[in-house]
Amino acid sequence: VDAQRAAGADGKTQLIGGYLCGVRQIDESLWEQIIIDLMFEKDFANIAGQLIRRTGVNGRILQVMIRAYKDGILKANDFLVLQYRHEIKGITHDLIKSVLNILVTEGGEEKIGVALEIAAAVYCDKDHPIEIPEGRSRISWSQPETWWMGRSTIWPGLRNSCVK
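Residues numbered from 1 in each chain as written. Predicted model: local features only at pLDDT ≥ 70, side-chain atom pairs only at ≥ 80, totals over all residues. Heavy atoms only, no water.

### A few points about the confidence of the model for the chain
Step number 1: With 70% of its residues at a pLDDT of 70 or more, the chain has an overall mean of 76.
Step number 2: Within the chain, no element has a lower average pLDDT than helix 8 (residues 157-161), which sits at 43, and none a higher one than helix 5 (residues 59-70), at 94.
Step number 3: Counted against residues more than four places away or in other chains, residues 132-164, with its pLDDT under 50, gives 58 contacts. (pLDDT = per-residue confidence, 0-100. Helix = DSSP H or I, 4+ residues; strand = E, 2+ residues; numbered from the N terminus. Contact = heavy atoms within 4.5 Å.)

### Brief notes about helix 6 (residues 93-106)
Step number 1: Between its first and last C-alpha, helix 6 extends 20 Å over 14 residues, near the 20 Å set by a 1.5 Å rise per residue.
Step number 2: For helix 6, every residue scored as buried is listed here: Leu95, Ile96, Val99, Leu100, Ile102 and Leu103. Looking down the long axis of helix 6, one finds its buried residues gathered within 160 degrees of arc, a one-sided arrangement. Of the exposed residues in helix 6, those oriented more than 90 degrees away from the buried face are Asp94 and Thr105.
Step number 3: Buried-residue contacts for helix 6 involve helix 5 and helix 7 (109-123).
Step number 4: Backbone geometry just downstream of helix 6 places Gly107 in the positive-phi region, at approximately 70 degrees. (Expected span 1.5 Å × (residues − 1). Buried < 20%, exposed > 50% of the residue type's maximum accessible area, 1.4 Å probe, protein only. Arc of directions from axis to C-beta.)

### Digging into the packing of aromatic side chains
Step number 1: What the rule picks out here adds up to 1 aromatic pair.
Step number 2: Aromatic pair Tyr69 and Phe79: ring centres 5.4 Å apart, planes at 70 degrees, arrangement edge-to-face. Here Phe79 lies in the loop between helix 5 and helix 6 and Tyr69 lies in helix 5, a separation of 10 residues in the sequence. Just as Tyr69 is buried, Phe79 falls in that class too.
Step number 3: Cation over ring: Arg24 sits above Trp31, and NZ or CZ is 4.2 Å from the ring centre. (Phe/Tyr/Trp six-rings, centres within 6.5 Å; stacked < 30°, edge-to-face > 60°. Lys NZ or Arg CZ within 6 Å of the ring centre and 35° of its normal.)

Below, the structure is given as structure tokens:
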């Protein structure tokens, strides 16, 4: 942790990420406390999201992430850790819906794009389509070329198989 602090904003997160993954395997409570402490430490604010993506997320960390996002510490993209199914074990759908609600309510192409990517990864199922009101964004569902979110393109099957 001290080495990462000394490296500053330009430091890579692989070493500390590997260390924290090891801590999580040995003692999840200790890992949670370290991640939470670092998330709110000024020297780590700019890499907190990277550390979470590298080490994973659980229900407690996601609750703190929501608070940190509201406080301006984390960015919308930091929630993309939720798009990996193996990462959401043990996380309630209410917490995931809270994240989606915050992102969609705030609006903006990037935030809505992140919400769509998370929703597609977590809920996409042809038998249970996602219902997104047409007026919630500037995205035109009938024009796939408008699905660009500034970071990535929403995968092409989303409209036909997941959204109604």
